[in-house]
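Descriptive analysis of the structure
Spelled out from the first residue to the last, the chains are:
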Amino acid sequence: MTGAVRLEPVNERNLEPLLSVAAAEAEPGEVMPPVAAPVGWSLARRDAFREFHRASFAGLAGPTRTQMYAILAAGDVVGMVRMTRRDEPGTVETGMWLGRSARGQGLGVAALRELLNEAAAAGMRTVVAETTPDNTEALKVLGKCGAKLREDGGKVHAEICLDSTPPAL
C-alpha cells in the first residue's frame, strides 16, 4: 500500500466513513479535540466529531481557516490530514491520524506528501506541525518529508519549507 493514497476534502459523503474508522480504530483524543461527553465513542462524542469536521467544510478561507482531507487507500477512508492557516503569511499547520490497521505501511508519509502538494497549490510556503518526543511514528513521517525538527519544553516543533523541500509529485 505504500504511496497509494489519495486525499479528498472531508464532506458529507465521506464524513460517516471517517467517523466509522475513527470509532473502530482510534481513541477519541487521537482524532478530535476534547469534549464534555461520556468516555469512549458515545453518541455525544460522535455528534461532536461530526460537528468538528463540518465546521471546516468551508476550507482555508472559512471561519476555522482549516481544510480537512480524508485519507483514502485503495478507495477506503483510513484517516484524516488537515492544514490550518497560521497568522504567519504563507504558513499552515498540519496534523494527521490514521486508523490502527493503516499504520506502519507508509501511508502517513504518502498522505503528508500529498498535503504538501495541496499546501503548495494553495500558495503556502511553510508547513509546520507539533508533536511530542514519544510520538516516534509522527517524527519518522515528518523526517521523511523533509521537516526540520526542534525539541522545546517537551514538544517537538517541525517545519517544512516548501521552497527548499519540493513536495513529491
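Basis of the calculations
Residues numbered from 1 in each chain as written. Predicted model: local features only at pLDDT ≥ 70, side-chain atom pairs only at ≥ 80, totals over all residues. Heavy atoms only, no water. Salt bridge = Lys/Arg side-chain N within 4 Å of Asp/Glu carboxyl O. Helix = DSSP H or I, 4+ residues; strand = E, 2+ residues; numbered from the N terminus. Pairing = 2+ DSSP bridges. Axes fitted to C-alpha atoms, helices over the stretch in contact; angles between N-to-C directions. Contact = heavy atoms within 4.5 Å.

Re the pattern of salt bridges
Summed over all chains, the structure comprises 15 salt bridges. Its salt-bridge partner being Arg86, residue Glu88 comes within 3.7 Å of it at the nearest N-O pair. Its salt-bridge partner being Lys140, residue Glu137 comes within 3.1 Å of it at the nearest N-O pair. Pair noted here: Glu137 and Lys140 are both in helix H5 (residues 136–144), with a separation of three residues, about one helical turn.

Some details on the sheet that holds strand E4 (residues 91–98)
Sheets are built from strands paired through backbone hydrogen bonds, the pairs being either parallel or antiparallel. Ordered by their spatial adjacency, seven strands build an open sheet running E1-E2-E3-E4-E5-E7-E6, and the pairing between neighbours is mixed. Looking at which strands have only one partner, the edges of the open sheet turn out to be strand E1 (5–9) and strand E6 (148–152). Between one strand axis and the next, the sheet turns by 30 degrees as a mean value, whatever way the strands run. Pairing geometry for E1 and strand E2 (residues 66–73), over five bridges, is antiparallel. Bridge pairing links Leu7 to Ile71 in E2. Packed onto the sheet, helix H1 (residues 12–25) meets E1, E2, strand E3 (76–85) and E4 and runs at close to 105 degrees relative to E3.

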